[in-house]
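Here is what each chain is made of, one letter per residue.
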Amino acid sequence: MMPTESTPPVKPEQDQPARKSYKNRRRLSRELALQGIYQWQIAGGNARDIDIQMQRVNFYGKADGSYFTDLLQGVLEHATDLQAHIQPHLDRQLAELSPVEAAILLIGCYEMIHHPEIPYRAIINEAIELAKTYGGTDGHKYVNGVLDKLAARLRPAELQHSPSRNRNSG
């Protein structure tokens, strides 16, 4: 179930380090983007109108607004390309997935392509957390598997230099 204005996520502690606060702002941005993309999948609409509507959610001010807008507009603008990247790694059509898991995969794929500064592991981790919170019972496992395959295809150099991958290969 998607959070509503009356059920905001847990507030970050006031005394957390700046890095943790930044991470929480990004996480809230992903949650808002998930809501907006879910809305787009179910009811249609355009990025600008959905963006304006999401700005009314009571925890919007705690999110990184520019990152949220980038995710929402980017996923909607590049949806066809993102779906083409995702589809080969699915066991069924993307449209047959839960709208929540499909939206999470779109966000993760967008971040892997358009945000190379974010490590693929962080992208996958954030997607898993979204799926655990908003997806079906084992949706996070499915999301993890698909994004792991996408990372191998979209970020091969980064995976090659990953410590856990090097340990397993040697």
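Residues numbered from 1 in each chain as written. Predicted model: local features only at pLDDT ≥ 70, side-chain atom pairs only at ≥ 80, totals over all residues. Heavy atoms only, no water.

Q: Lay out the overall build of the chain with the relevant residues and their values.
A: Regarding its fold elements, the chain presents nine helices and zero strands. Here the chain holds 170 residues, and 44% of them are scored as buried. Carbon together with sulfur atoms contributes 50% to the accessible area of the chain, which is approximately 9200 Å² in total. (Helix = DSSP H or I, 4+ residues; strand = E, 2+ residues; numbered from the N terminus. Buried < 20%, exposed > 50% of the residue type's maximum accessible area, 1.4 Å probe, protein only. Areas by Shrake-Rupley, 256 points an atom, 1.4 Å probe, with all protein chains shown as cover.)

Q: Break down the nonpolar core for me, with residues and values.
A: I37, I86 and L105 are the most contacted members of the largest nonpolar core, which totals 48 residues. Mapped onto this core, the elements with two or more residues apiece are α1 (18–43), α2 (47–54), α3 (65–77), α4 (79–86), α5 (99–114), α6 (120–134) and α7 (139–154). Top element by residues in this core is α5. It accounts for ten residues. (Core = buried A, V, L, I, M, F, W, Y, C linked by side-chain atoms within 4.5 Å.)

Q: Could you give an account of the environment of A47, with specific residues and numbers?
A: For A47, the position within the fold is in helix α2. In sequence terms A47 and L76 are 29 residues apart; their C-alpha atoms lie 6.7 Å from each other. A47 has contacts with L72, Q73 and L76, leaving out every residue within four places of it along the chain. (Contact = heavy atoms within 4.5 Å.)

Q: Residue-level account of the packing of aromatic side chains, with values.
A: Going through the model one piece at a time under the given rule, you end up with one aromatic pair. Ring geometry for Y60 and F68: centres 5.9 Å apart, planes at 85°, overall edge-to-face. Given the relative accessible area of 0%, F68 is considered buried. Its guanidinium or amino end placed over the ring of Y142, R92 lies 5.0 Å from that ring's centre, counting from NZ or CZ. (Phe/Tyr/Trp six-rings, centres within 6.5 Å; stacked < 30°, edge-to-face > 60°. Lys NZ or Arg CZ within 6 Å of the ring centre and 35° of its normal.)

Q: So, the side chain of D64: which residues are in play, and what are the values?
A: Position of D64 among the secondary structure elements: in the loop between α2 and α3. One polar contact links D64 to S66, side chain to side chain, over a distance of 3.0 Å. For D64, the side chain forms a polar contact with the main-chain nitrogen of Y67, separated by 3.1 Å. (Polar contact = N/O pair within 3.5 Å; in protein donor to acceptor, adjacent residues only side chain to side chain.)

Q: Describe α4, listing the residues and the values that go with them.
A: Every buried residue belonging to α4 is among A79, L82, H85 and I86, and all of these are buried. For α4, the angular spread of buried residues about the axis comes to 125°, placing them on one side. (Arc of directions from axis to C-beta.)

Q: Break down the pattern of salt bridges for me, citing the residues and quoting the values.
A: Under the counting rule described, the total for this entry stands at eight salt bridges. As a salt-bridge pair, E111 and R30 come within 2.8 Å of each other at their nearest N and O atoms. Linking E111 in helix α5 with R30 in helix α1, this pair joins segments that are 81 residues apart in sequence. Assessed through its relative accessible area of 1%, E111 is described here as buried. (Salt bridge = Lys/Arg side-chain N within 4 Å of Asp/Glu carboxyl O.)

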